[in-house]
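# Architecture and fold: a report
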Amino acid sequence: MAEIKLASEVRTEFGKGAARRIRRADKVPAVVYGHGAEPVHVTLPGHEVLLALRTANVLIGLEIEGKDALVIPKSVQRHPLKGTIEHVDLLTVKRGEKVQVEIAVHAEGDLAPGANLLEYVQSTLLVEAEATHIPESVTVSVAGLDAGDSIVAKDIALPKGSTLAGDEDAIVLQVVAAQAEESSDEAAEGEGAEA
């Protein structure tokens, strides 16, 4: 995964009013924390942050007061209607350090013939990977699975360098039979028989 460089400014104003002024200037308030250091409140360029966060678990290189820091997004708050980024929590990481992140699960292949539906019980998996080699997603084959079949976390082949950090027996995907609706004629007959 490529590292994205962003410029940051340390901020000294806090509260709703200051955050609103920052957002009006097309910037995003953020907090950088981790490794036992005091949290640093920064301001990031809005458009660049929006583009960077399109990639899940993106590795960001920040320059904070002349010092370089590697960070990954830990929490992103978005406006409920506009979808704009309101605030970002960034976790400091070091090269070679292992971190726990959630990666997306994608299914491929066709289910067994019949009226079956694929249900995502979990759309992400918690994995541990080196901070500079975080996988974006994992793909699982569901080819030939029939109603009642499921895939648990430990059965999913993870990308090289990643290990499962969550519950290994957790069901991630399952196949369920589609529920057939009664036709209106059968429903009417059933009501007549009861009366």
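Refer to the preceding data block for the structure.
Our subject in this report is the structure included herewith. (Residues numbered from 1 in each chain as written. Predicted model: local features only at pLDDT ≥ 70, side-chain atom pairs only at ≥ 80, totals over all residues. Heavy atoms only, no water.)

## Structural notes on the overall build of the protein chain
Rule in force here: The helix count covers DSSP runs of H or I at least four residues long, the strand count covers runs of E at least two residues long, and both are numbered beginning at the N terminus. The quantity called the radius of gyration is restricted to C-alpha atoms. Its globule counterpart is 2.2 Å times the number of residues to the power 0.38. Each residue's exposure class comes from its accessible area (1.4 Å probe, protein chains only) as a fraction of the maximum for that residue type: buried when under 20%, exposed when over 50%, partly exposed otherwise. The contact criterion used throughout is that any non-hydrogen atoms of two residues lie within 4.5 Å. His is not counted, nor are the chain ends, whereas Lys and Arg count as positive and Asp and Glu as negative. To locate a charge, take NZ of a lysine, CZ of an arginine, CG of an aspartate or CD of a glutamate.
A tally of regular secondary structure across the protein chain gives three helices and 14 strands. Here the C-alpha atoms of the protein chain give a radius of gyration of 23 Å, more than 25% beyond the 16 Å that 2.2 N^0.38 yields for 195 residues. Taken along its principal axes, the extent of the C-alpha atoms in the protein chain is 80 × 40 × 25 Å. Counting every position in the protein chain, which comprises 195 residues, the buried fraction comes to 34%. The long-range fraction of contacts in the protein chain, counting pairs at least 24 apart against all pairs at least 6 apart in sequence, stands at 63%. In the protein chain, 18 positive and 32 negative side-chain charges are present, and the distance between their average locations comes to 19 Å.

## Let's talk about the sheet that holds strand 5 (residues 59–64)
Note: strands within a sheet are paired through backbone hydrogen bonds, in either parallel or antiparallel orientation. For clarity, the threshold we go by: If DSSP finds at least two bridges between two strands, the strands pair. Comment: axis = line fitted to C-alpha atoms, over the contacting stretch for helices; angle = value between 0 and 180 degrees taken between N-to-C directions.
Reading across from one edge, 1-5-6-7-3-4-2 is the order of the seven strands in this open sheet, with mixed pairing throughout. Each end of this open sheet is capped by a strand with a single partner; those strands are strand 1 (3–7) and strand 2 (9–10). Note that strand 3 (residues 27–34) and strand 4 (residues 37–45) share seven bridges and pair antiparallel. Bridge pairing in strand 4 links Pro29 to Thr43. Strands in contact with helix 1 (residues 16–24) are strand 3, strand 4 and strand 7 (85–93); relative to strand 3, the strand with the most contacts, it is inclined by about 120°.

## Concerning the sheet that holds strand 11 (residues 137–141)
The mixed open sheet is built from four strands, whose spatial order is 11-8-10-13. The open sheet is flanked by strand 11 and strand 13 (163–164), the only strands paired with a single partner. Alignment of strand 8 (residues 98–108) against strand 11, held across five bridges, turns out to be parallel. Its bridge partner lying in strand 11, Ala107 is registered against Val140.

## Regarding the nonpolar core
The line we're drawing: Nonpolar cores were defined as sets of buried Ala, Val, Leu, Ile, Met, Phe, Trp, Tyr and Cys residues, with membership established by side-chain atoms within 4.5 Å.
Residues Ile72 and Leu125 are the most contacted members of the largest nonpolar core, which totals 23 residues. Of all the secondary structure elements, the ones that give two or more residues to this core are strand 6 (67–78), strand 7, strand 8, strand 10 (124–130), strand 11 and strand 14 (171–177). The element that contributes the greatest number of residues to this core is strand 8, accounting for four residues. Beyond its immediate chain neighbours, meaning those up to four positions away, Leu125 contacts Val101, Glu102, Ile103, Val105, Val138, Ala153, Ile156, Leu158, Leu164 and Val172. With 17 residues, the next largest nonpolar core counts Val28, Leu53, Ile60 and Ala69 among its residues.

## Some points on the environment of Leu53
Mapped onto the fold, Leu53 is located in the loop between helix 2 (46–52) and strand 5. Exposure remark for Leu53: the relative accessible area of 13% places this residue in the buried category. Taking C-alpha positions, Leu53 is 25 Å from Glu108, a pair spaced 55 residues apart along the chain. Beyond its immediate stretch of four places on either side in the chain, Leu53 contacts Val58, Pro73, Val76, Arg78, Ile85 and Val88.

## Describing the pattern of salt bridges
Pairing is possible between side chains that carry opposite charge, provided their charged atoms lie close to one another. The line we're drawing: The salt bridge definition used is simple: a Lys or Arg side-chain nitrogen within 4 Å of an Asp or Glu carboxyl oxygen.
Throughout the structure, instances matching the rule amount to three salt bridges. One salt bridge connects Arg23 with Glu86, and the closest N-O pair in it is separated by 3.7 Å. Of this pair, Arg23 sits in helix 1 while Glu86 sits in strand 7; the two residues are 63 residues apart in sequence, bridging distant segments of the chain. As a salt-bridge pair, Lys154 and Asp169 come within 3.1 Å of each other at their nearest N and O atoms. One end of the pair, Lys154, is in the loop between strand 12 (150–152) and strand 13; the other, Asp169, is in the loop between strand 13 and strand 14, and 15 residues separate them in sequence. Residue Lys154 is classed as partly exposed on the basis of its relative accessible area, which comes to 48%.

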